[in-house]
Amino acid sequence: NPRQKDGQTDVASRHLHKKPKHSMYLDLKLFLETSFMKEVDSHFTEFVNSLVAKSALLDSSTSASHFPASGSEKEQTLRAPPEHGKIFTARRSLLDELFEVSHIRTIYHMFIALLIVFILSTLLVDFIDEGRLVLGFDLLVFVFGKFPVVFCTWLCMFCATVFVPYNLFIWWAQGHCSSSHRVLRSLFYGMLFTLFQTAGLGFGPTYIAVSYALPPASRFIVILEQVRLVMKAHSFVRENVPRVLSSVKDKSSTVPIPRISQYLYFLFAPTLIYRDNYPRNPMIRWGYVATKFAQVLGSLFYAYYIFVRLCIPQFRNSSQETFNLRGLVLCIFNSILPGVLILFLVFFAFLHCWLNAFAEMLRFADRMFYKDWWNSTSYANYYRTWNVVVHDWLYYYAYRDFLWFFGKKFKAAAMLSVFTVSAAVHEYVLSICFGYFYPVLFCLFMCFGMVFNFILNDRRKGPIWNVIMWTSLFLGQGVIICLYSQEWYARQYCPMENPTFLDYLKPRSWSCHMKM
């Protein structure tokens, strides 16, 4: 029947027109299901690989691998359980990664432009006042004066740190197994090491810095190197003594004594945690080293122009005025900008450029000297991420060892002890370098720092807490720059002929303003 055939043809044609849409739907559904399964499979594979990598890394930390941890599993029981020490891995510094982003690099360019503005401002003002270009750097020459004394002092400190702790440890380790009075022998060598730390590295450099009247920056070099070498010597002994005790307990025939080359590498390496080996890069990028040292030098001149343009004119005039509350408040708020700029420069020049330059020369691959402290919403996180190098030392050798010795119930006391040690060392450095005792930083650490550490804790996650943290940080930098600068100029304007020890402890800025 023709009509029937025509009807079947129409149905078939309608079916053929509908089929592509249905097949496209099936194909799209199959494609989405396949993509989803591939995505799930890739995430699952990545998760499993990360677990395998972490487990392999933990296993390698207890064996003689490319960068082992502090020793065997039995040895680690001498630490506060379940502490297994810091694990070093090859990683770049955060700013090196961020500077690859053009938007972040633009912020870096803005700071360079600000430096150019400071230079032009200084040159133009000097040209107007003097009628000629004044290119002298008298302030830099003064603060870094008596450099031969600084170099000789550093050389003596470094040589003493190389020979004394290492040889004391070798003599103790080699005779510990056969000694019949192990406790008395260990106490004897421990007292010798403590005597070296306090008298040799502690009193000696401080006496030279004070007796030779070294200028501020030269004193900073001596005292900071003193603190660094004390911390490194402690880490070397703290990490290796448990290994010897573990080998004696296991009745091992060999005593694990590090080579002198490993100890020397540790003294120069940008870390305060000793290991026999660290992750190493295959080559040295000398262009990178030169860039970092150039940035350190540029940061030094940046700080020079900040003091010349923003600090010295303000404090030279304010120190000649009568002390009052209004002047103090204006001084603090006027000091916020130079204080914050100095904070950024110290972070960039030392924690990023200086440490990365030495890490590159030593092929030291673990470059996590800091974390993203600028994103912190709590002071607890800020203290952990601002200076990872020092934080690791305080965490493993102060906080963890305190809990190991007194028990885990005393976490608050352990935290308080770490804050006290950190605040005392910071105030000691500033007191010796400036030549007077004015515990502004110590009070900020122990009072506001401790309070903010508990109030702005890790439970604060919103962006408002980051704003609060930056606001308090700005105010703190303003207080530090203002009060220490006022005290410095007060001691210049109101000197004492025969100052006693108490005169070094009393703030001169209060009485000097009243006299004037």
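Quick caveat: nothing in here was measured; it's all calculated off a predicted structure.

So, about the environment of Y428. In this structure, Y428 sits in helix α15 (residues 411–434). Residue classification places Y428 among the partly exposed residues on the basis of a relative accessible area of 27%. The sequence separation of Y428 and I223 amounts to 205 residues, and the corresponding C-alpha distance is 9.1 Å. Every residue in contact with Y428, bar those within four places of it in the chain, is listed here: G202, T206, I223 and Q226.

When the terminal C-alpha atoms of helix α12 (residues 336–361) are compared, their 36 Å separation across 26 residues agrees well with the 38 Å that a helix rising 1.5 Å per residue should span. Counted residue by residue, α12 has 19 buried out of 26 residues, so it is predominantly covered. Of the residues flanking the end of α12, it is R363, one or two places downstream, whose phi is positive at about 60°.

Let us look at the UniProt feature "transmembrane region" (unreviewed entry) in the protein. Following the UniProt record, one finds the feature "transmembrane region" (unreviewed entry) at residues 107–128, 140–166, 187–210, 286–307, 327–355, 410–430, 436–455 and 467–486. The distance separating the terminal C-alpha atoms of residues 286–307 is 32 Å; by composition the span is 100% helix and 0% strand. Secondary structure content for residues 410–430 is 95% helix and 0% strand, while the C-alpha to C-alpha distance between its ends is 30 Å.

Let us now look at empty space enclosed by the protein. Rolled over the atoms, a probe as big as a water molecule pinpoints where empty space is left. Counted according to the given criterion, the structure contains three cavities of 30 Å³ or more. When its volume is computed, the largest cavity comes out at roughly 90 Å³. Considering the residues around the largest cavity, the lining is formed by 13 residues, among which K86, F88, P270, T271 and M368 are closest to the centre.

In the structure shown here, the tally under the stated rule is eleven salt bridges. A salt bridge links E360 to R367; the nearest nitrogen and oxygen atoms lie 2.9 Å apart. On the basis of relative accessible area, E360 is assigned to the buried category, the value being 1%. Classification of R367 by relative accessible area gives buried; the value is 4%.

Close contact between helix α11 (residues 325–334) and α12 brings their axes to 5 Å; oriented N to C, the two are set at 35°. Contacts between α11 and α12 involve I332, F333 and N334 from the first element and I336, L337 and P338 from the second. Residue classes in the contact of α11 with α12 are distributed as five nonpolar, one polar and no charged.

Moving on: the state of the cysteines. Counted according to the given criterion, the structure contains one disulfide. Disulfide partner of C331: C482, at an S-S distance of 2.2 Å. On the sign convention where negative is left-handed, the bridge of C331 and C482, at about 125° about the S-S bond, is right-handed. Residue C331 is located in helix α11, and its partner C482 is located in helix α17 (residues 463–493); the two are separated by 151 residues in the primary sequence. Looking at C331, the relative accessible area reads 4%, which means it is buried. Not engaged in a disulfide, the cysteine C152 finds its nearest cysteine sulfur in C156; these two sulfurs lie 6.7 Å apart. Residue classification places C152 among the partly exposed residues on the basis of a relative accessible area of 47%. With no disulfide of its own, C159 has C156 as its nearest cysteine by sulfur position, at a separation of 7.0 Å. Note on C159: relative accessible area 33%, which makes it partly exposed.

Attention shifts here to the packing of aromatic side chains. Counting across every chain of the model gives 50 aromatic pairs. Between the aromatic rings of Y383 and F419, the centroid separation amounts to 5.2 Å while the plane-to-plane angle is 80°, which identifies the pairing as edge-to-face. Residue Y383 is located in helix α13 (residues 379–385), and its partner F419 is located in helix α15; the two are separated by 36 residues in the primary sequence. According to the relative accessible area criterion, Y383 is partly exposed, its value standing at 24%. Its end group placed over the ring of F88, K86 keeps NZ or CZ at 5.2 Å from the ring centre. Cation over ring: R285 sits above Y288, and NZ or CZ is 4.3 Å from the ring centre.

Interhelical geometry of helix α6 (residues 147–176) versus helix α8 (residues 216–249) gives an angle of 10° and a closest axis separation of 10 Å. On the basis of the axis angle, α6 is roughly parallel to α8. Looking at side-chain class alone, the contact of α6 with α8 contains 18 nonpolar, six polar and two charged residues.

For the protein, the mean per-residue pLDDT works out to 80, and 81% of the residues sit at or above 70. The lowest-confidence element of the protein is helix α2 (residues 73–76), averaging 36 in pLDDT; the highest-confidence one is helix α9 (residues 260–268), averaging 94. For the stretch residues 1–22, pLDDT sits under 50, and the model shows zero contacts to residues farther than four places along the chain or on other chains.

Among the nonpolar cores identified, the biggest contains 71 residues, and F236, F347 and F364 are the most heavily contacted of them. Of all hydrophobic cores here, the second largest spans 24 residues; its members include I312, L430, Y438 and L444.

A few words now on the UniProt feature "active site" (unreviewed entry) in the protein. Here the UniProt feature "active site" (unreviewed entry) sits at H426. Looking at the secondary structure, you find H426 in helix α15. By relative accessible area, H426 is classed as partly exposed at 36%.

Cut-offs and rules
Residues numbered from 1 in each chain as written. Predicted model: local features only at pLDDT ≥ 70, side-chain atom pairs only at ≥ 80, totals over all residues. Heavy atoms only, no water. Helix = DSSP H or I, 4+ residues; strand = E, 2+ residues; numbered from the N terminus. Buried < 20%, exposed > 50% of the residue type's maximum accessible area, 1.4 Å probe, protein only. Contact = heavy atoms within 4.5 Å. Expected span 1.5 Å × (residues − 1). UniProt positions renumbered as here; feature names shortened; annotations may be inferred. 1 Å grid on protein atoms, 1.4 Å probe; cavity = no way out; pocket = protein on both sides within 12 Å on 5 of 7 lines; lining within 4 Å. Points joined across faces, edges and corners; volume = space filled by probe spheres on them. Salt bridge = Lys/Arg side-chain N within 4 Å of Asp/Glu carboxyl O. Axes fitted to C-alpha atoms, helices over the stretch in contact; angles between N-to-C directions. Nonpolar A, V, L, I, M, F, W, Y, C, P; charged D, E, K, R; others polar. Disulfide = S-S within 2.5 Å. Phe/Tyr/Trp six-rings, centres within 6.5 Å; stacked < 30°, edge-to-face > 60°. Lys NZ or Arg CZ within 6 Å of the ring centre and 35° of its normal. Parallel < 35°, antiparallel > 145°, perpendicular 65-115°, else oblique. pLDDT = per-residue confidence, 0-100. Core = buried A, V, L, I, M, F, W, Y, C linked by side-chain atoms within 4.5 Å.

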